[in-house]
Amino acid sequence: MGAGQIGGFATLRFLGRKAEKSEAQYIVYYLSHAMMFCVGIIIEANVVLTPASCVFGEKYKFEIFAGTHLFLENTGISRIVNNICMHKGYNHTMRWKDCNSDNLALMILDRQFSFYKQEEGADYIINRVRYGVSSPSISSLYKDRSCKFYGWGSRRNGYLIPLLIHLFRMDVTVLPPEYCGRYWNYQNKYLCIRQPHCKSETYGALCPDDVGSAIVCSGFAIGMMTSRLVDRPCGVGFSDLTKYSKFLTCGVDDSRDVIDHEAVMEFDYTTKPLFTLHTVPKTKDVAVKTKKKTTKSVSKRS
């Protein structure tokens with residue numbers, strides 16, 4: 001089902017431009033059991049980063065969709081979320097009253113996405129976005145003209161479903177923190193960004209962001225939209241992902257509330273030994289070999 005016709009204006013009046021097939025190939029979307037539309041980004045073939053507030057309390061496996069820029073039925077391909085790893089700092093007990101700190105989670109999928117060929121049903125070859133310790137520092141991005149995020153506009157005007165049918169792109173600029181008020185930067189974990197004025201007197205706020213939309217600069221994921229409300233009471237909206245390198249690269253070690261922990265996770269986060277140790281023969285085997293050696297020695301003397 002597409003939702004772009006709501007109000008008869010959303011598809012035409014939204015800021016930004018339609019995303020090309022050659023960009024944002026790491027985007028996934030899903031509808032949680034709480035009936036909340038959320039977005040995530042593929043960081044590994046079977047790992048998706050998304051806000052913890054979207055998946056907290058999930059007890060059942062659910063589908064996510066990728067390989068398409070269209071919010072329509074029977075488009076793209078799907079995967080099943082088997083495991084959810086939420087950041088240990090996520091304050092779920094007060095999530096409706098206080099600001100959400102460390103609002104990030106990793107979703108472990110039942111099957112990997114293919115990064116080498118176009119899967120049947122996908123509109124393009126799926127790819128992951130770069131992240132982690134190799135990402136450029138925020139200070140080096142202040143003059144970067146490549147920063148952008150993508151979305152369907154579900155976060156605006158209180159709607160929990162997308163207002164757009166086609167994925168839109170919004171170009172933004174990362175600014176030094178002093179350009180934004182301190183009260184918008186809760187615990188110094190949010191980005192200060194410049195983007196077109198989203199508020200319209202006639203149509204409301206029309207920037208195509210969703211909960212889970214990611215700011216990508218020079219090919220690296222730098223920020224993720226984690227605010228649950230349009231007025232962004234706790235930050236400018238995008239959490240600074242450069243402060244979560246450990247969680248992104250070693251998510252299981254730095255998380256809690258791992259739901260439905262399966263053996264596949266243990267396999268993915270362990271390494272093979274560099275060499276194989278020689279096994280020590282059992283005592284019985286040693287005795288047999290010694291006996292044979294002694295017999296041969298006696299026969300030789302005879």
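Structure: above.
Here the structure is a predicted model, which is why all the values come from computation and not from measurement. (Residues numbered from 1 in each chain as written. Predicted model: local features only at pLDDT ≥ 70, side-chain atom pairs only at ≥ 80, totals over all residues. Heavy atoms only, no water.)

### Observations concerning the overall build of the chain
- Counting its regular elements, the chain contains 5 helices and 17 strands.
- Counting over 302 residues, the chain shows a buried share of 48%.
- Surface summary for the chain: the accessible area is close to 16400 Å², and the carbon and sulfur share equals 54%. (Helix = DSSP H or I, 4+ residues; strand = E, 2+ residues; numbered from the N terminus. Buried < 20%, exposed > 50% of the residue type's maximum accessible area, 1.4 Å probe, protein only. Areas by Shrake-Rupley, 256 points an atom, 1.4 Å probe, with all protein chains shown as cover.)

### With respect to the nonpolar core
- Within the largest apolar cluster, 59 residues are counted, with the highest numbers of intra-cluster contacts made by Ile41, Leu49, Ile64 and Trp152.
- Here the element with the most residues in this core is strand β3 (residues 37-44); it accounts for 6 residues.
- Listed in part, the 17 residues of the second largest apolar core include Leu141, Phe149, Val174 and Ile215. (Core = buried A, V, L, I, M, F, W, Y, C linked by side-chain atoms within 4.5 Å.)

### Description of the side chain of Thr68
- On the secondary structure map, Thr68 appears in the loop between β5 (62-66) and β6 (77-87).
- Note on Thr68: relative accessible area 1%, which makes it buried.
- Here the side chain of Thr68 touches Asp123 through a polar contact of 3.1 Å, side chain to side chain.
- If near-sequence neighbours (up to four positions away) are discounted, Thr68 is found in contact with Tyr29, Thr75, Gly76, Asp123, Tyr124 and Trp152. (Polar contact = N/O pair within 3.5 Å; in protein donor to acceptor, adjacent residues only side chain to side chain. Contact = heavy atoms within 4.5 Å.)

### Things to note about the packing of aromatic side chains
- On inspection of all chains with the given rule, the structure shows 8 aromatic pairs.
- Taking the centre distance of 5.2 Å and the plane angle of 70 degrees together, the rings of Tyr29 and Trp152 count as edge-to-face. Note that Tyr29 is positioned in strand β2 (residues 27-31) and Trp152 in the loop between β8 (148-151) and β9 (168-171), a separation of 123 residues in sequence. Each member of the pair, Tyr29 together with Trp152, is buried.
- Grouped by ring-pair contacts, the aromatic residues Tyr29, Phe37, Phe65, Phe71 and Trp152 constitute a single cluster. (Phe/Tyr/Trp six-rings, centres within 6.5 Å; stacked < 30°, edge-to-face > 60°.)

### Structural notes on the state of the cysteines
- By the definition in use, this model includes 2 disulfides.
- One disulfide bridge connects Cys38 with Cys54, the sulfur atoms lying 2.0 Å from each other. The sign of the -85 degrees torsion about the S-S bond sets the Cys38-Cys54 disulfide as left-handed. Within this pair, whereas Cys38 is found in strand β3, its partner Cys54 is found in helix α2 (residues 52-55), the two being separated by 16 residues in sequence. Cys54 shares its class with Cys38; the two are buried.
- What pairs with Cys147 in a disulfide is Cys217, and their sulfur atoms sit 2.1 Å apart. (Disulfide = S-S within 2.5 Å.)

### Observations regarding unusual backbone geometry
- If you check the backbone angles, Asn74 has positive phi at about 60 degrees while not being a glycine.
- With respect to the element layout, Asn74 can be found in the loop between β5 and β6.
- Classification of Asn74 as exposed rests on a relative accessible area of 82%.
- A positive phi angle, close to 50 degrees, is found at Ser218, a residue other than glycine.
- Secondary-structure assignment places Ser218 in the loop between β14 (214-217) and β15 (220-225).
- By relative accessible area, Ser218 is classed as partly exposed at 38%.

### Some remarks on the pairing of β3
- Taking burial as the measure, the 8 residues of β3 include 7 buried ones, the bulk of the element.
- Pairing analysis gives 5 bridges linking β2 to β3, with the strands arranged antiparallel. Note on β3: the bridge partner recorded for Leu31 is Phe37.
- Two elements, β3 and strand β4 (residues 47-50), share 3 bridges in a ladder whose sense is antiparallel. The residue of β4 that forms the bridge with Ile42 is Val48.
- Hairpin connection from β3 to β4: 2 residues lie between these consecutive antiparallel strands. (Pairing = 2+ DSSP bridges.)

### Concerning the pattern of salt bridges
- Scanning the entire structure with this criterion turns up 6 salt bridges.
- Across the salt bridge formed by Glu119 and Arg79, the nearest N and O atoms sit 2.8 Å from each other. You can see Glu119 sitting in the loop between β7 (105-109) and β8 and its partner Arg79 sitting in strand β6, a full 40 residues away along the chain. Each member of the pair, Glu119 together with Arg79, is buried. (Salt bridge = Lys/Arg side-chain N within 4 Å of Asp/Glu carboxyl O.)

### Focus on the environment of Arg79
- Among the residues examined, Arg79 registers a relative accessible area of 3% and is labelled buried.
- Between the C-alpha atoms of Arg79 and Ile108, which are 29 residues apart in sequence, the distance is 9.8 Å.
- A polar side-chain atom of Arg79 sits 2.8 Å from a polar atom in the side chain of Glu119.

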